[in-house]
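Secondary and tertiary structure notes
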Amino acid sequence: MTDYYIAPSILSGNFGKFTEEAIRLEAAGADWLHIDIMDGHFVDNLTFGAGVVGAMRPYSKLFFDCHLMVENPENYVTAFAEAGADSMSIHVEATSHIHGALQKIRAAGMKASVVINPGTPVSAIEPVLTLVDMVLVMTVNPGFGGQSFLTECLEKVSDLAMFRKLRNLNFDIEVDGGITDETIALAKQAGANAFVAGSFTFSGEPAEQIRKLKAQL
Ligand SMILES: O=C(CO)[C@H](O)[C@H](O)COP(=O)(O)O
Ligand SMILES: [Co+2]
């Protein structure tokens, strides 16, 4: 049986109240907490680093699903492991050493996940699909919340699901960007089982918004 995960993104929450937002999302029924780390280089936006993740950690039992939109993410593996991250999702476009970086994440005791931007084909990550616990398919260009879902990315989700079956692999498939109670059904149908939702979660009462998302699964 497939496990499905709703991962609200704290990117759309109140940046003055990270800990309170994490507590609120856990009470609202979130399965994971999606944490967007941006460096102002890989994407044109800046958020925060491992220090904030470590500060939230004692207040939440949620799985911390850390999405690093940073150049050379391999340099931050130890910091995120020490901060209590459960997984690190790193972009294949952000490092010349994706294979070694994913190995380093697992060696540090976290789940390893590789991310592809809308313009990156599945073939770019095929050589590392035996090394990952999850593939994150971006369904918007990374950097900002509140963008529209790119339907054309769904073909990559189905290709990954097919590849996984043919090779008898076992990774989760997450989608990130523009997920609503309508687009989540399309992503699920294509084969995704983890769904990031930032602006949708915070566009109403999070518990009610998460309930609407789960109703589609
Ligand atoms: O990685 C991200 C942006 O780069 C965010 O996780 C994503 O945009 C979530 O926000 P929304 O659900 O509003 O699209
Ligand atoms: Co994200």
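Residues numbered from 1 in each chain as written. Chains lettered and ligands numbered in written order. Predicted model: local features only at pLDDT ≥ 70, side-chain atom pairs only at ≥ 80, totals over all residues. Heavy atoms only, no water.

- For the protein, the name recorded in an unreviewed UniProt entry is Ribulose-phosphate 3-epimerase, with Lactovum miscens as its organism.
- Its UniProt record gives the protein a comment under Sequence similarities (unreviewed entry), which states: "Belongs to the ribulose-phosphate 3-epimerase family."
- As stated in UniProt under Function (unreviewed entry), the record for the protein gives "Catalyzes the reversible epimerization of D-ribulose 5-phosphate to D-xylulose 5-phosphate." (UniProt positions renumbered as here; feature names shortened; annotations may be inferred.)

1. Looking at the coordination of the cobalt ion (ligand 2)
- Of the protein atoms, only His 34 (NE2), Asp 36 (OD), His 67 (ND1) and Asp 176 (OD) coordinate the cobalt ion (ligand 2), at distances of 2.1 to 2.2 Å.
- Written as a sequence motif, the donor residues of the cobalt ion (ligand 2) are H-x1-D-x30-H-x108-D. In this pair, the class of His 34 matches that of Asp 36, namely buried. (Donors = N, O, S within 2.8 Å, 3.2 Å for Na, K, Ca; no water. Buried < 20%, exposed > 50% of the residue type's maximum accessible area, 1.4 Å probe, protein only.)

2. What about helix H6 (residues 183–190)?
- Along H6, the residues that are buried comprise Thr 183, Ile 184, Ala 187 and Ala 190. One face of H6 carries all of its buried residues, which in axial projection span an arc of 125 degrees.
- On its buried face, H6 is in contact with strand S1 (5–8), helix H5 (154–166), strand S7 (172–176), strand S8 (194–197) and helix H8 (206–214). (Helix = DSSP H or I, 4+ residues; strand = E, 2+ residues; numbered from the N terminus. Arc of directions from axis to C-beta. Contact = heavy atoms within 4.5 Å.)

3. Concerning the pattern of salt bridges
- For the coordinates displayed, the defined rule picks out five salt bridges.
- Here Lys 214 and Asp 31 are joined by a salt bridge, their closest N and O atoms 3.5 Å apart. Linking Lys 214 in helix H8 with Asp 31 in the loop between helix H1 (18–27) and strand S2 (32–38), this pair joins segments that are 183 residues apart in sequence.
- By relative accessible area, Lys 214 is classed as partly exposed at 34%.
- Between Glu 208 and Arg 211 there is a salt bridge, with the nearest N and O atoms lying 2.9 Å from each other. Note that Glu 208 and Arg 211 are positioned in helix H8 at a spacing of three residues, about one turn of the helix.
- Judged by relative accessible area, Glu 208 falls into the partly exposed class, the value being 34%. (Salt bridge = Lys/Arg side-chain N within 4 Å of Asp/Glu carboxyl O.)

4. A look at the UniProt feature "binding site: a divalent metal cation" (unreviewed entry) in the protein
- Per the UniProt record, "binding site: a divalent metal cation" (unreviewed entry) is found at His 34, Asp 36, His 67 and Asp 176. Look at the named residues: they lie 143 residues apart in sequence, but the longest C-alpha span between them is just 10.6 Å, so in the fold they bunch up.
- Topologically, His 34 is positioned in strand S2.
- The exposure class assigned to His 34 is buried, which follows from its relative accessible area of 0%.

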